[in-house]
Structures are given as structure tokens and as C-alpha cells.
Amino acid sequence: MDLIRRLPKMALQLTRHYARQLWVRVMLMGLLAFLSLGLTQLVEPFVPSELASGVPGSSADRLLNLIASAMLAVTTFSLTVMVSVYQASSSQWTPRVHQLIMQDAVTQNTLAAFTGAFVFSLVAIILRETGIYVDDRALVLFWTTVLVLAYVVFSLIRWVLHLQTLGSLIDTTRQIEEITLRRFEERLQTPCLGACSWTDDIPSEAWSLNSERSGYVQHVFADALQEVAVEHDVRLFLHRAVGSFIFANEPLLWIVGEPDDPEKLEHEIVQLLVLGDVRTHDQDPRFGLLLLSEIGSRALSPGINDPGTAIDVLNRMAKILGRYRDETSTDTAPRNEHLYVRPLDPRDLLMDAFGGIARDGAHLLEVQQRLQKALGSLAHHPDPGLSSVAAEMAREYYDRASEALDWAADRDRLSRHLPQTGSTSE
């Protein structure tokens, strides 16, 4: 009951989560099919008899049979293509990228359209066979079927065009960049998830709520946690960021205060901290940076040997990190004053983005040059925390590359790209 009572505080996050699920869109299109057939029954009596009898029921039957026979084959084909793209992307780029491709809006809308049309045709055929739709009152059914068929054709054309790029490297990295930018902007527009910024040590009077199971922190319902904290007159300190892995019996968060019913408090908190076996993009902009880094590192493997992809990934990650703002310096008052969350750490962000490529591409001059240029642009970022960490990492990665580059001339060329030199050459 407590969880149901807090649903208004969770509505936006839950709506966005379920809107990206394929089964939700398929179910909605199926319901729309039933709704459209019901509306035809309501509209049909208002059509004049002489106009309604102008279209025989056999005309609608032919279209319905066409849709019913075609949609099953088309849906099966689309599912086969979708699974093939998922498998190919996971093996070529990174196994974790399939989560993003599975949420591709065009693919989900197309499958939902095909399934909805199939349901529409089957139900309409059943209604025709049972005599609910008679031959001399089939005008509205016929034109509704025409509209459904037109939407199916539109979805099929859009699907075929979308398949030209679905699962390709450029499309995949672009999708990751776009969703990471969105999550990054959402996080910075609501610093620390709307909670108070927490950079100090754990309060001495705090007691821990330990996790009952292991998993990644996938989602934090911050507004609902604030409501729980106010009701129990406590303060909650979430010291593990979204995307962190927590082992069983490890502290999930720390609590300051003496609630009247500690067991009830712990039960309510656990419901509002979602743990799962994989990381997700929700509330976790670092996950997108990690995926891009993994794609860049995979491209540098001996079997692929594609420095151009690593360079493209470096450009995209530098573009994302250029949007960074210090969450502790905002003038916006936190709306969740009883909840404390660690701000994004510039060092963690840069390590997620550049650590893997700096290691795996240490022996490639062109990759190291672009890495130094990316870090050089971030070293001039207006935020002092990010700029200082970027300059420090640029020197660290330069030292690593200097040991990996055998030719002295390459080391000399790379040194010209250190942020301290102010060089902007390619």
C-alpha cells in the first residue's frame, strides 16, 4: 500500500521506463485495434442506408484476409531481422549495446503496428463471421480497414529505410551519444537527482541499511525517498551512485535519525532503490561513456585494427563531456532536502571515457594525438575541477604512450599535443 500511495512521485520515471518496452507498445496497439473496431460499431448506425450499402461486405473481407495473411509473415520476418541485428551488434561492438538497440523507437513502433494490424484483422474477421458486421452495413469497416492498411504500408516503408543503418557502427555510436547527452543534461538540470550535494564523509551517527541481494543500482526514486524520509523524520545518505554494483550485505545507504518503526522504513526504502543484474542508461550518464569507450577499445583490437573508429569515439565523448557542469556550484535549491547524493566526479567521468582507449591505443600515434587533443579541449573547460583533471590525465596518458611508442619522432609529434603547449594542430 505504501508503494501505491507513492506512485504519483514515481509516475514520470515509470512512464518513461515502460514507454521504451516493446511489450507495452504491442499491447497498446492491440488495444487500439479493439477500440477502432468498437468505434466502427458506434459510427455505422449514423451512416445513411443508401451510402452504407454502396460498399459490399466482401470488399472488406478481401482486405481483412490480406492483412491477416501478410502480417504474420511480415512480423516473423521483422523479428528475425531484429534478433540478427542484436546479435551482430553485440559481437561486433560490445555486448552491452544491445540494450540500446532493443529500445529503438522505429523498430518497436513497426513491430507494434504489424501486431496491431494482425489483431485488428483477426477480430474483424471473427465479427464478420458471427454476423455482427452485416454485408449491407460494412462501409465504415471497409474504410477503417483501408486506413489500417495504409498505416501498415507506411510502417513497412519506414522499417525498410531504417534497416539501412540499424546496427551499423555509425548509427550505434550516434544513438549512444544521443542518449548519453540526454541523460547527462537531465542529470545536470536536476543536480544530484534533486537531492542535496554530499561530498563529506559518512556522518558518525549514521547507521547503514544493507542490501539483501547483489546487483547494479539501476534507478533511484528520489522524490519518493524524500517523502519517506520526511514521514520518518530521518535523513538518507546515498553514497553509491546509480550504476554502482552493490554486493549482498553491503551498505545500500546510510540513515541519520531514529525512526519509530525502523523495519517499515527499511522496507519502504528498498522498494524505491531498484537493483538489477545489468546497468541501464536511466539516471546513469557514465554508462553511455563506458559503452563508447568499449566500442573504441574493441576497434583497436588486433582482429579489427580500426583506429578511425577510436578517433570518432574520442570526438563524441569529448563533445559529451564538454557539457559538464559542477553539481555543487548550482544556485538551485534542492527539492529533496532529506536526501543526500554524491555529485558526479570529473575523474570518474574521464576514466570511464578515455581510460580504455588510452590503454589499448597507447602504441598508435594517431589515436594518442586525438586523445591529447580531446583532453586538451577539456583542459580549457570553464569548470576548474574538470579542467585540472583533464590536464593531469593528459600528462599521465602521454607518459604511457611515450613508453609504448618506439620511434622518437612519434614521441616528439605527440608531445606537441600536450595541453600545456596550447597546440591546436591536428
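The rules we used
- Residues numbered from 1 in each chain as written.
- Predicted model: local features only at pLDDT ≥ 70, side-chain atom pairs only at ≥ 80, totals over all residues.
- Heavy atoms only, no water.
- Helix = DSSP H or I, 4+ residues; strand = E, 2+ residues; numbered from the N terminus.
- Core = buried A, V, L, I, M, F, W, Y, C linked by side-chain atoms within 4.5 Å.
- Buried < 20%, exposed > 50% of the residue type's maximum accessible area, 1.4 Å probe, protein only.
- Contact = heavy atoms within 4.5 Å.
- Expected span 1.5 Å × (residues − 1).
- Phe/Tyr/Trp six-rings, centres within 6.5 Å; stacked < 30°, edge-to-face > 60°.
- Lys NZ or Arg CZ within 6 Å of the ring centre and 35° of its normal.

*Asks:* Help me get a handle on unusual backbone geometry, residues and values and all.
*Replies:* A positive phi is found at cysteine 192, a non-glycine position, where the angle reads about 55 degrees. Counting through the fold element by element, cysteine 192 comes out in the loop between α9 (169–189) and β1 (195–197). Of note, the phi angle at glutamine 283 is positive, near 60 degrees, even though the residue is not glycine. Inspection of the secondary structure puts glutamine 283 in the loop between β7 (273–276) and α12 (285–299).

*Asks:* So what's going on with the nonpolar core? Which residues, and what values?
*Replies:* Most often, soluble globular proteins have nonpolar side chains that are buried together. Counting 51 residues, the largest nonpolar core has Met317, Leu321, Leu350, Phe354 and Ile357 as the members making the most contacts within it. Put simply, the parts of the chain that give this core at least two residues each are α5 (57–92), α6 (98–102), α9, α12, α13 (307–321), α14 (346–360), α15 (365–379) and α16 (384–404). By residue number, the principal contributor to this core is α13, which donates seven residues. If we skip the residues at most four places from it in the chain, leucine 350 touches Leu321, Gly355, Leu378, Leu386, Val389, Ala390 and Met393. Residues Leu209, Leu225, Ile255 and Val341 belong to the second largest nonpolar core, which totals 28 residues.

*Asks:* Provide a residue-level description of α12, including the pertinent values.
*Replies:* Because each turn of an α-helix spans 3.6 residues, side chains separated by three or four positions end up pointing in the same direction. Along its 15 residues, α12 runs 22 Å from first to last C-alpha, staying within 8% of the 21 Å computed at 1.5 Å per residue. Counted residue by residue, α12 has 11 buried out of 15 residues, so it is predominantly covered. Residues of α12 that are buried in the fold lie against α6, α9, α13 and α14.

*Asks:* Can you lay out the packing of aromatic side chains for me, pointing to particular residues and giving the numbers?
*Replies:* Taken as a whole and judged by the stated rule, the model has seven aromatic pairs. Relative to tryptophan 23, the ring of tyrosine 18 lies with its centre 6.2 Å away and its plane at 80 degrees, an arrangement referred to as edge-to-face. Geometrically, the ring pair formed by phenylalanine 142 and tryptophan 143 is edge-to-face, given 5.2 Å between the ring centres and 80 degrees between the ring planes. Since its relative accessible area comes to 16%, phenylalanine 142 is described here as buried. Note on tryptophan 143: relative accessible area 49%, which makes it partly exposed. Taken together, the ring pairs in this structure connect Trp198, Phe237 and Tyr340 into an aromatic cluster. Over the ring of tryptophan 198 we find arginine 342; its NZ or CZ atom is 3.8 Å from the centre of that ring.

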